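Letter by letter, the chains look like this.
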Amino acid sequence: MSADTRTAAPVTPAAPETRAADPALAARFWANAGGIAFGGDYNPEQWPREVHAEDLVLMKEAGVTLLSVGIFSWALLEPREGEYDFGWLDEVMDNLAGAGIKVALATATAAPPAWLVRKHPEILPVTADGTVLGGGSRRHYTPSSSAYRRYATGITRVIAERYKDHPALALWHVDNELGCHVSEFYGDEDAQAFRDWLARRHGTIEALNDAWGTAFWSQHYASFDEIQPPRVAPSTLNPGQQLDFQRYSSWALIDYYRALLAVLREVTPHVPATTNLMASSATRSMDYFDWARDLDVIANDHYLVAADPDNHVELAFSADLTRGIAGGRPWLLMEHSTSAVNWQPRNRPKLPGEMLRNSLAHVARGADAVMFFQWRQSFAGSEKFHSAMVPHGGKDTRVFREVCELGAALRRLAEVQGSLVESRVAIVFDYEAWWAAELDSHPSADVRYLDMLRDFHGSLFRRGVTADVLHPAADLSGYDLVLVCTLYAVDDGAAANIAAAARRGATLLVSYFSGIVDKHDHVRLGGYPGAFRDLLGVSVEEFHPLPAGGTVALDDGSTGSVWSEQVRLAGAEAPASFTSYPLAGVPALTRHAAGAGTAWYLATRPDAAALDRLVDRLLAESGVAPAAAAAPGVELVRRRHPDGRSYLFALNHGRSEATVDASGRELLGGGRFTGTVAAGGCAVVAED
Ligand code: GAL
């Protein structure tokens, strides 16, 4: 590392980024929503006028209040460069305004028109192996393409100017599901944007060399110009390069959003904006906690995995995460499905009542809008077998009847709008830790970031305990139980934030492979888990990952899988230890006093029964109780207004009637709550 390279390094000062989310615009949006918003994506360009007329009739029947319009309509709005055809959209917007339906109007940029691809093929995405992805589909652009940005901001301006004062316009729907299908881009323009981003992040090339640990394998760089994205290479790539590329890729997408937003803000400073996220256990490429700072209201799309019998638990995780991204405030469910999707290997329809349960589960967990992809099921194109609010069979169908019932149910829940979800448990979640934990060349390929997180979330779910899923730097002061799972990478500030929660009096549990590295993926030396070692009163010398499918026995009769390690006590006690060679007698679960609270450490992945016992113990210690007493199989969540009015959501996922200990008005059926919820049924109790 010579002084020469330091001075020769290009230095671009990190520009402070202004983030655009405006709470006043969000407040206006919700104030105008008039209850829980209801609707879906509306693609009238796929249908003749007569159908539009019927749409209005059926929308009224269903009680639709909000539609996302024009998401994939660029090629029809601008059939040739600079030639516009807005007649059909004008008519649709006017008709919707006449029917009192609000519109989340799209920027139409989610699928570039063929003329643009032909003129500027350099907008097409390039994958890590150099493959150029073609058009004829959707999302065939890279967000860093200067040509694409020019055209995308252009059409956005034309749309914004045309509809800026339209009475139907309630929200901007910027692009669509940014990062869906492709979320990392490896072309030449992307490479340059990556270099520029690195220069802003690191300042000097030597700072980058230090961060990436380039003394290893001759990876030292003399200038930013030498750096490439982590394209396909003979062996493992530099972890710092991979991690920074992941950060850059998330930034590149939200930076593209910001470019469109700047136009919208200029033309319509009074109109809030969002883009639909895909927060769930399946989406890891975008740091939505970071993105949230640019979205006036948070919107999320969620699809069940039909083959997963516990898919309602995953739904709950997605909704709890979305609420965390929304800072606890209400959010929009922008898309889910009325019944089957078309993109899983086998697409089963939802069972009667399932769609209502799914919808109310999102509402229970903070959604103040329930929307679907899409209003009317397409008869052509690749989504023709995807369900919709109006199926191929028309209005005389089970799905449309259930859609109307849902609309009516949401109207009865109007008073719930604006209330906040109650939770005293925080599960810490960090996209950067996810990326870092699953880099290659780690002790075990079986350590998946979400496993322990989902295990704990699921156990709490089954106990009727709601958890907020929060960024490690979030305010943890209101939580009595804090769970930190596989937080492999953590910076000093977040580690201190987590420790402070325990010292203040919370019960904290940290699971294995947490606190191992800093934000550069540099190991914290002196014994694992470096960032939490003193807090936990343990020190770990060596990891003993288990064989595929293997288990290890513990002295409380339980078993662990995936992981074990050589834990040494340094102040903590050991409620449970491993019993098998080579770790016989080594602590597997530890507990340490930390200020006014306690800090537990879990060194293996417990079997389901052991995990439930541990959760019971943590709940008892932290004094956290379920939202209500209920029979097994009932999902329980409480929302509460600041003035104290509270609503208990009780969703029975079981096949038999279930009791729930609550009293008050039952909003869905009307009248007093009877204390039971029918098999597969739902109750929302405005509590006495
Ligand atoms: C979403 C997308 C929609 C539709 C839907 C089908 O990812 O935003 O346009 O394709 O999936 O499930």
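Residues numbered from 1 in each chain as written. Predicted model: local features only at pLDDT ≥ 70, side-chain atom pairs only at ≥ 80, totals over all residues. Heavy atoms only, no water.

## Structural notes on the overall build of the chain
Then step 1. Within the chain, the secondary structure is distributed over 19 helices and 28 strands.
Then step 2. At 26 Å, the chain has a C-alpha radius of gyration in line with the 26 Å of a compact globule built from 688 residues.
Then step 3. Total accessible area on the chain is roughly 25900 Å²; 53% of this is exposed by carbon and sulfur atoms.
Then step 4. Of note, the chain has its 61 positive side-chain charges centred 4 Å away from the centre of its 84 negative side-chain charges. (Helix = DSSP H or I, 4+ residues; strand = E, 2+ residues; numbered from the N terminus. Rg over C-alpha atoms; globule rule 2.2 N^0.38 Å. Areas by Shrake-Rupley, 256 points an atom, 1.4 Å probe, with all protein chains shown as cover. Lys, Arg positive; Asp, Glu negative; His and termini not counted. Charge placed at Lys NZ, Arg CZ, Asp CG, Glu CD.)

## Let's talk about helix α12 (residues 311-325)
Because each turn of an α-helix spans 3.6 residues, side chains separated by three or four positions in sequence point in the same direction.
Then step 1. If you check α12, its first and last C-alpha atoms are 21 Å apart, about what 15 residues at 1.5 Å a residue would give, namely 21 Å.
Then step 2. The buried count for α12 comes to 15 of 15 residues, which makes it a mostly enclosed element.
Then step 3. Gly327 occupies a position one or two residues after α12 and carries a positive phi of about 65°. (Expected span 1.5 Å × (residues − 1). Buried < 20%, exposed > 50% of the residue type's maximum accessible area, 1.4 Å probe, protein only.)

## A word on the pairing of strand β9 (residues 367-372)
Then step 1. Taking burial as the measure, the six residues of β9 include six buried ones, the bulk of the element.
Then step 2. Inspection of the sheet shows strand β1 (residues 37-42) paired to β9 by four bridges, in the parallel sense. What sits directly across from Phe38, in β9, is Val370.
Then step 3. Two elements, strand β8 (residues 331-335) and β9, share three bridges in a ladder whose sense is parallel. In the sheet register, Trp331 faces β9, and the bridge partner there is Ala367.
Then step 4. Tracing the backbone out of β8, into helix α13 (residues 354-364) and back to the parallel element β9 gives a crossover that is right-handed. (Pairing = 2+ DSSP bridges. Right-handed = clockwise from strand over helix to strand, strands pointing away.)

## Observations concerning the domain arrangement of the chain
Then step 1. Annotation of the chain at the domain level lists domain 1 (23-199 + 239-411), domain 2 (425-622) and domain 3 (634-687).
Then step 2. The gap between the C-alpha centroids of domain 1 and domain 2 is 36 Å.
Then step 3. Where domain 1 abuts domain 2, roughly 2300 Å² becomes buried across the two surfaces, and 63% of that area is made up of carbon and sulfur atoms.
Then step 4. In this structure, the connection of domain 1 to domain 2 is made through three salt bridges.
Then step 5. Residue Arg247 is joined to Glu432 by a salt bridge in which the shortest nitrogen-to-oxygen separation is 2.9 Å.
Then step 6. Where domain 1 meets domain 2, there are eight residue pairs in polar contact (both at pLDDT 80 or more).
Then step 7. Element by element, the count of residues in the side of domain 1 that touches domain 2 is highest for α12, at ten residues. (Domains from an automatic or database assignment. Buried area = accessible area lost by both parts, 1.4 Å probe. Salt bridge = Lys/Arg side-chain N within 4 Å of Asp/Glu carboxyl O. Polar contact = N/O pair within 3.5 Å; in protein donor to acceptor, adjacent residues only side chain to side chain.)

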